Structure formats: C-alpha cells, structure tokens
Amino acid sequence: MDKLTSELDYPMVIVTTVADGQRSGCLVGFHTQCSIDPVRWAVWISRANHTHRVALRASVLAVHFPSADDCDLAELFGEATGDEVDKFSLCDWTEGPSGVPLLDRIRNRFVGNVVDTLDDDSDHRCFIVDLADVQHEHPLRQLGFQAVRDFHPGHPP
C-alpha cells in the first residue's frame, strides 16, 4: 500500500485556526469536499500536530490552496511545529473572520465553521467544516504531494 500511495499526487492545503488567542496552522494532505448541500469540507489533522490541539477548541478553520509557487509556505507549515515556532511571525497574514489567520499570499481559500469532528482510533481526526467565506482569485496550480513528500514533519509521526 505504501508504494501505491507514495506515487499519488493529491493536492496539499494549509489549514490555519485560532482558539483562545492561540494561532496555529499546518500542511494537510488529507481533505475533501464531503457534502454538496450544504457545501462542507472534511479535513484530517494529525493528532501529533500542535494545530490539532488548537483546532479542538476552535470554531473556525481556514483552508488555503497553495500553488506550486508556494512551496516555501508549505515547508514552513509542514516542517515547523507550533510547539516551538510562531509560524505566523515568519509570513504575512491578516486576521480573518473570528480571528482566524489568513495567509496573505494564498488567495485561493475558504473559511468555515467547524460543525463536527469524527473521532476514531486513527492517527488523524476529521474536522467537518461548513464553508462560509470562499475566495478564488486566480486559476489553481495546485501544490501536490510529490512536491512536498521529502519534507520532515515538525512533530514525530
């Protein structure tokens, strides 16, 4: 199975959130639209990730769709951990709805309310987001898994 999945090139996203004044964000490979009416998105965040702990207390998530030109931001949000680094001090961002940090450079994104979480015994938890504020400024040139596969996570797997 590892051989098959390692060859896939699914799109990557950067998820940001805020709770109790604490900002966090991470690179995410597991996500998909999961409902048409209402439009909802499912995002799986690693339990080992700082963002997971913040997202559990958050009411809002922002999902950013980086382009192939945003590899440096993907590296920051994929390799650094919020346990040790304030990632937002290293990039330009703006406060969005409910205080969620929006990455200024990635203008293809949405903000949505967390309406549910799905919990099982896996290493990731699923957050279901009801899309509220969708921004699409230019055609997507999605950053795929193959461009980031050699990144080293900022937390132990």
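The notes below deal with the structure included here. The residue count restarts for each chain, going from 1 along the sequence in the order it is written. In keeping with the model being predicted, local features are shown solely for residues with a pLDDT of at least 70 and side-chain atom pairs are shown and tallied solely at 80 or more, while totals for entire chains, interfaces and linings include all residues. Here the side-chain values reflect all heavy atoms present in the structure, with hydrogen atoms and water set aside.

This part takes up the overall build of the chain. Across its full length, the chain holds four helices and nine strands. Only DSSP runs of H or I with at least four residues qualify as helices, and only runs of E with at least two residues qualify as strands; both kinds are numbered from the N terminus onward. In the chain, the succession of helices and strands from N to C terminus is α-β-β-β-β-α-β-α-β-β-β-β-α. Here the chain has a C-alpha radius of gyration of 14 Å; the compact-globule value for 157 residues is 15 Å, and the two agree. The principal-axis extent of the C-alpha atoms belonging to the chain is close to 40 × 35 × 35 Å. Residue contacts follow a heavy-atom distance rule, with two residues in contact if any of their heavy atoms lie within 4.5 Å. In the chain, once contacts between residues fewer than 6 apart in sequence are set aside, the share between residues at least 24 apart is 68%. It is over C-alpha atoms that the radius of gyration is taken, and the globule rule equals 2.2 Å times the number of residues to the power 0.38.

It is worth spelling out the sheet that holds strand 2 (residues 22-28) at this point. By the convention used here, strands pair only if DSSP detects at least 2 bridges between them. Spatially, the seven strands line up as an open sheet ordered 2-1-5-8-9-4-3, and their pairing is antiparallel. If you trace the sheet from one side to the other, it starts and ends with strand 2 and strand 3 (31-35), each paired once. Neighbour to neighbour, the strand axes of the sheet diverge by 35° on average, direction disregarded. As paired strands, strand 5 (residues 60-64) and strand 8 (residues 109-118) are joined by five bridges and run antiparallel to one another. Looking at the pairing, A62 lines up with V111 of strand 8. Strands strand 1 (13-19) and strand 2 of the sheet are contacted by helix 3 (residues 71-79), whose axis makes an angle of about 110° with strand 2. Axes here refer to lines fitted to C-alpha atoms; in helices the fit is confined to the stretch in contact. Angles between the N-to-C directions go from 0 to 180 degrees.

A few words now on the nonpolar core. Grouping buried Ala, Val, Leu, Ile, Met, Phe, Trp, Tyr and Cys residues that are joined through side-chain atoms within 4.5 Å yields what is termed a nonpolar core. Residue exposure (1.4 Å probe, protein chains only): buried if accessible area is under 20% of the type maximum, exposed if over 50%, otherwise partly exposed. Residues I14, L27, L73, F77, L103 and V148 are the most contacted members of the largest nonpolar core, which totals 16 residues. If you list the elements that add at least two residues to this core, you get helix 3 and helix 4 (145-148). Contacts of F77, omitting those with residues within four sequence positions, involve I14, T16, G25, C26, L27, K87, F88, C91 and L103. Membership of the second largest hydrophobic core comes to 14 residues, among which are I45, L61, F65 and V129.

Paired rings are identified among Phe, Tyr and Trp, the last through its six-membered ring, by centres lying within 6.5 Å, and are further divided according to the angle between planes into stacked (under 30 degrees), edge-to-face (over 60) and tilted (the rest). With the rule as written, the count across this model stands at five aromatic pairs. A centroid spacing of 6.0 Å and a plane angle of 45° characterise the contact between F65 and F110, whose relative ring orientation is tilted. Placement of F65 in the loop between strand 5 and helix 3 and of F110 in strand 8 is noted, with a sequence separation of 45 residues between them. Residue classification places F110 among the buried residues on the basis of a relative accessible area of 4%. Each member of the aromatic cluster is reached from another via a ring pair, and the members are W41, F65 and F110.

What follows covers the state of the cysteines. In this description, a disulfide is simply a cysteine sulfur pair whose atoms lie within 2.5 Å. The final tally for this structure, using the stated rule, is zero disulfides. Note on C26: no disulfide assigned, nearest cysteine sulfur contributed by C126 at a separation of 13 Å. Relative accessible area serves as the criterion here: at 1%, C26 is assigned to the buried category. Left without a disulfide partner, C91 is nearest to the cysteine sulfur of C26, which lies 13 Å away. Accessibility expressed as a relative area gives 14% for C91, which makes it buried.

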